[in-house]
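An overview of the molecular structure
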Amino acid sequence: MDKMNKDAGMPIALTLEPGVYHRCTCGQSEYLPFCDGHHQSGEFTPIRFEVHKREKVYLCSCGETGNPPHCDGSCGVELKDIIK
Ligand code: FES
């Protein structure tokens with residue numbers, strides 16, 4: 001996840017329905033934070049993830065997470081402080 005916004009310092013909170021999703025890592029998608037296929041001429045590949053029940057997810061926007069595409073707090077955000 002090299003092409004993330006390192007200045008963002010904040011996960012992207014989304015409530016998603018069950019399904020398969022692809023997190024954009026090239027930054028060229030017109031459907032951010034999800035992939036729309038723009039990476040195909042570049043070195044980046046999207047990160048596939050599944051949601052099994054309707055839930056709020058916190059997608060990393062800084063590129064420092066150890067658990068892509070999810071924020072793990074490496075950005076300095078305490079998820080326990082924003083998850084209510
Ligand atoms: S936004 Fe990247 S680890 Fe939190």
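Residues numbered from 1 in each chain as written. Predicted model: local features only at pLDDT ≥ 70, side-chain atom pairs only at ≥ 80, totals over all residues. Heavy atoms only, no water.

The next point concerns unusual backbone geometry. Following L32, the chain continues to P33 via a peptide bond in cis, the omega torsion being 10 degrees. Structurally, P33 can be placed in the loop between β2 (19–23) and β3 (47–51). (Helix = DSSP H or I, 4+ residues; strand = E, 2+ residues; numbered from the N terminus.)

Another point: the side chain of S61. By the secondary structure assignment, S61 is in the loop between β4 (55–59) and α1 (79–82). One polar contact links the side chain of S61 to the main-chain carbonyl oxygen of M10, over a distance of 2.5 Å. (Polar contact = N/O pair within 3.5 Å; in protein donor to acceptor, adjacent residues only side chain to side chain.)

Under the criterion given, the structure shown has 2 salt bridges. Notably, a salt bridge pairs E17 with R54, separated by 2.7 Å at the nearest N-O pair. Separated by 37 residues along the polypeptide, E17 in the loop between β1 (12–16) and β2 and R54 in the loop between β3 and β4 bring together distant segments of the chain. Taking relative accessible area as the criterion, E17 reaches 42% and is therefore assigned partly exposed. The exposure class assigned to R54 is exposed, which follows from its relative accessible area of 57%. In this structure, E50 engages R48 in a salt bridge whose closest nitrogen and oxygen atoms are separated by 3.0 Å. (Salt bridge = Lys/Arg side-chain N within 4 Å of Asp/Glu carboxyl O. Buried < 20%, exposed > 50% of the residue type's maximum accessible area, 1.4 Å probe, protein only.)

A separate point is the nonpolar core. Formed by L16, Y21, F34, F49, V51, V57 and L59, the largest nonpolar core amounts to 7 residues. Of all the secondary-structure elements, those providing two or more residues to this core are β3 and β4. Residues in contact with V51, not counting those within four places in the same chain, are L16, E17, P18, G19, Y21 and V57. (Core = buried A, V, L, I, M, F, W, Y, C linked by side-chain atoms within 4.5 Å. Contact = heavy atoms within 4.5 Å.)

On inspection of all chains with the given rule, the structure shows 3 aromatic pairs. Taking the centre distance of 5.5 Å and the plane angle of 35 degrees together, the rings of Y21 and F34 count as tilted. Placement of Y21 in strand β2 and of F34 in the loop between β2 and β3 is noted, with a sequence separation of 13 residues between them. Given the relative accessible area of 17%, Y21 is considered buried. Ring geometry for Y21 against F49: centres 5.6 Å apart, planes inclined by 25 degrees, an arrangement best described as stacked. Placement of the pair is Y21 in strand β2 and F49 in strand β3, with a sequence separation of 28 residues. (Phe/Tyr/Trp six-rings, centres within 6.5 Å; stacked < 30°, edge-to-face > 60°.)

In this section: the environment of C71. Examined against the element boundaries, C71 turns out to sit in the loop between β4 and α1. With a relative accessible area of 9%, C71 lands in the buried category. It is 5.3 Å that separates the C-alpha atoms of C71 and L59, two residues lying 12 residues apart in sequence. In this structure C71 touches P11, Y58, L59, C60, T65 and L79, once residues within four positions along its chain are discounted.

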